[in-house]
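For reference, the chains in residue letters:
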Amino acid sequence: RTARDCDVVVIGAGPAGLMAARTLTRHGLSVTVLEARDRVGGRTWNGLVQGADGREHFIEIGGQWISPDQTRLTALVEELGLPTFQRYREGASVYLSPDGTRHVYDGEMPVSETTQAEMDRLIAELDALAAEVGATAPWDHPRAAELDAVPFRTWLTSLSEDQEAIDNVSIYVASGMLTKPSTTFSLLQAVLMAASAGSFSNLVDEDFILDARVEGGMQSVSRAMAAELGEDVVLGQPVRTLHWAEPDAATADALNEVAADVRDGVPQDGGPGDVLAVTEDYEVRARYAVLAVPPNLYSRISYVPPLPRRQMVAHQHLSMGLVIKVHAVYETPFWREEGLSGTCFGGGRLVQELYDNTNRGANDAGGEPGVEDTCGTMVGFVSDVHAERIWELPAERRREEILEAMAEYLGPRAKEPVAFFLSDMAAEEWTRGAYATSYDLGGLSRWGHLQNRPVGPIHFACSDIAAEGYQHVDGAVRMGEAAALAIVDQERR
Ligand code: FAD
C-alpha cells in the first residue's frame, strides 16, 4: 500500500467531504480525501442518456435544485464561478385530484374550499411547531420524546378527517422529502424537515424549494472543489478500516469511559489523535478524520477500536428513503405550447410531481453558456412504496406505467420521449437509497444529540445530519465547513 501522511483524512468526496477539505486547506492544514467511487460528487451526479434521435442528452441523476434559503451553497456556487438559472415556471400547473380528474390551474391548488381550509390549518400547525422546535437541536425540545413517538400520519389524521387535505400535506415531507411512507417516521422528524427549510410553508412552495439549478449540473460544484484540491483527492478507494487511537491504549474500559462522558453530557472535544485510514491501495496517517459519508454507510467501515456503544446503536436507527428520479427528454418542451409550466402534482399517485427540467448552458452534452436546450426535459418522482413496486416490474412495463402516469398530467405526447432514464441510487453500493437518511420512529429524540459529536479525533459531516439545509447539498456544504472549522479551532488551542 502507498503510505501518505497529512493533518486530516477526509472519507468521502461528496459535497460535504470536499467542502471540509477545501476549508481545511484554506486554513493551512494538509488533507487526503479518499473516495470509494471513481468520481466525485456522491449523490450529485451528471449523466448522459442516449436518445432515439441520435443525440446524447444531459441529465442530473442526483441532487440539482437550490432554494433561496440555501445561502451557503449559493455563496459557494458564486465563489466557484458557476452560473445558475431558474426552473421554467411560466404558465398553468396541472393537478390530479384523488378521483383522477385533471385540473389546469394558476395560483392556488384547485381543491374544494373545505379541503383548502383543512390544508391551511394543518400547514399553520406545522409552521408553528417548526418555529418552536427549530432545526438545530430538535432533540432538546421539552416535548421531543412526545413528538417523536407519534407517526406523522397518525398526527395528521388526529387533526383532520379530510383525506385529500391529509394526502396533500403529507406528500411534502413523506414521499416528497424523506421518501418514506408517512406512517414510518415521527412528527418530530417531519418538523425537523420543515424547520430546516425555514418553515413548512416553504416546503409547500415548489417555486421556493425548486428554484435554481447550476448550468452544467450540481456535480460541477464537487468537480470544481476537487479540481482545486488536485492530487489530494484519491478516487476508487473505499475506506475499509479506520484506526482512531493507538490500538494498545484502547481498552474496553477506556471506550466505556468515552460512552459515559457522552451520557453525562460532557462534550467530546474532537481533539487530535492517531488516525490511520486503510483502503485497498493506501494507508493514510493523520491526526483527524472527517467521516463524510451517509450515516447508513458508517458501518461499512471497521473501526479500531470500535466506536463507543451509543454510536454503534444510534447509527442503526438511520436509514435511506427510496425514490426514483425520472427523466424524459422530448424533441421540444411541448407542454409550453399548451400554456403549461410543466409543474404537475397529484398526491398519492405513481408519479406525484413533475417539473420542467429543460437544460440550459454548457454541460457534458455540449451547449452554449446561457442558452437553453432545444429539447424539452421533464423530471418526475416515483417515491417510497410506489418505487418498491415499480422496481419489481420488467423494464419495458416499468417504462410504460411511468409514461402512462405522466400522460395523465400532460396528455399523450408525454408517452413519446426521445430519451428516458430512471435514477437508481438504491442500487449504488456507496449510497443505497435516495434522497437521504432519516431516523425511525423515536430515533431522533433518542440519538440525534450524538450525530454531530466527534468521537475522539473523528468528526462527522453529511447533509443527513445537518440542521439548515438538512438532506440537501446546502446542508452537506455547511456540515463540511463546520467539521473543518472545528478542527481548525482545535489546532489553535
Ligand atoms: P454524498 O453526496 O452521499 O457523498 C458521500 C460520498 O462518500 C460519496 O461520494 C460516496 O461514494 C463516498 N463514500 C461512501 N462510503 C465510503 C467509504 N467507505 N470510503 C470512501 N468513500 C465513501 N439535494 C438538493 O440540495 N437538491 C436536490 O434537488 C436534490 N435532489 C436529489 C435527488 C436525488 C435522486 C438524490 C439521490 C439526492 C438529492 N439531493 C438533493 C440530496 C443531495 O444530493 C445530498 O444531500 C448531498 O449529495 C449529500 O452530500 P454528502 O457529501 O453529505 O453525501
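This text follows the structure it describes.
Residue positions are given per chain, counting from 1 as you read along its sequence in written order. With pLDDT at 70 or above as the cut-off, local features in this predicted model cover only qualifying residues; side-chain atom pairs require 80 or more to be listed or tallied, and sums for whole chains, interfaces and linings still use all residues. Heavy atoms throughout the structure, all of them, feed into the side-chain values; hydrogens and water do not.

Caption draft 1: Spatial organisation of the sheet that holds strand β10 (residues 233–234). In short, DSSP must find at least two bridges between two strands for them to pair. Secondary structure counts use DSSP, requiring at least four H or I residues in a row for a helix and at least two E residues in a row for a strand, with both numbered from the N terminus. Taken in spatial order, the five strands line up as β10-β3-β2-β14-β23 in an open sheet, and their pairing is parallel. Each end of this open sheet is capped by a strand with a single partner; those strands are β10 and β23 (458–460). Two strands pair when backbone bridges link them, and strand β3 (residues 31–34) and β10 are joined in this way by two bridges, in the parallel orientation. Looking across to β10, one finds that L34 is bridged to V234.

Caption draft 2: How the structure looks around the packing of aromatic side chains. Any two rings among Phe, Tyr and Trp, with Trp reduced to its six-membered ring, count as a pair given centres within 6.5 Å; such a pair is stacked if its planes are under 30 degrees apart, edge-to-face if over 60, and tilted if neither. This model, assessed by the stated rule, comprises 12 aromatic pairs. When the centroid spacing of 5.1 Å and the interplanar angle of 85° are considered together, the rings of Y330 and F334 count as edge-to-face. Relative accessible area decides the class of each residue, using a 1.4 Å probe on protein chains only: under 20% of the type maximum gives buried, over 50% gives exposed, and in between gives partly exposed. Assessed through its relative accessible area of 2%, Y330 is described here as buried. The class of F334 is buried, set by a relative accessible area of 2%. Taken together, a centroid distance of 6.0 Å and an interplanar angle of 70° make the contact between F381 and Y435 edge-to-face. Of the two residues, F381 is situated in strand β20 (residues 376–383) and Y435 in the loop between β21 (419–422) and β22 (437–439); the sequence distance between them amounts to 54 residues. F381 gets classed as buried once you look at its relative accessible area, which sits at 4%. Consider the ring centre and the ring normal. A charge sits over the ring if Lys NZ or Arg CZ is within 6 Å of that centre and within 35 degrees of that normal. Taking the ring centre of W45 as reference, the NZ or CZ of R39 above it sits at 4.1 Å. The residue whose ring lies beneath K325 is W65, and the NZ or CZ to ring-centre distance is 5.9 Å.

Caption draft 3: Spatial organisation of the pattern of salt bridges. By definition here, a salt bridge exists when the distance from a side-chain nitrogen of Lys or Arg to a carboxyl oxygen of Asp or Glu is within 4 Å. Per the counting criterion, the structure on display carries 34 salt bridges. Linking D232 and R4 is a salt bridge whose minimum nitrogen-to-oxygen distance equals 3.6 Å. Taken together, the residues span a long stretch of sequence, with D232 in the loop between α11 (219–229) and β10 and R4 in strand β1 (residues 2–5) at a distance of 228 residues. Classification of D232 as partly exposed rests on a relative accessible area of 25%. Residue R4 is classed as partly exposed on the basis of its relative accessible area of 22%.

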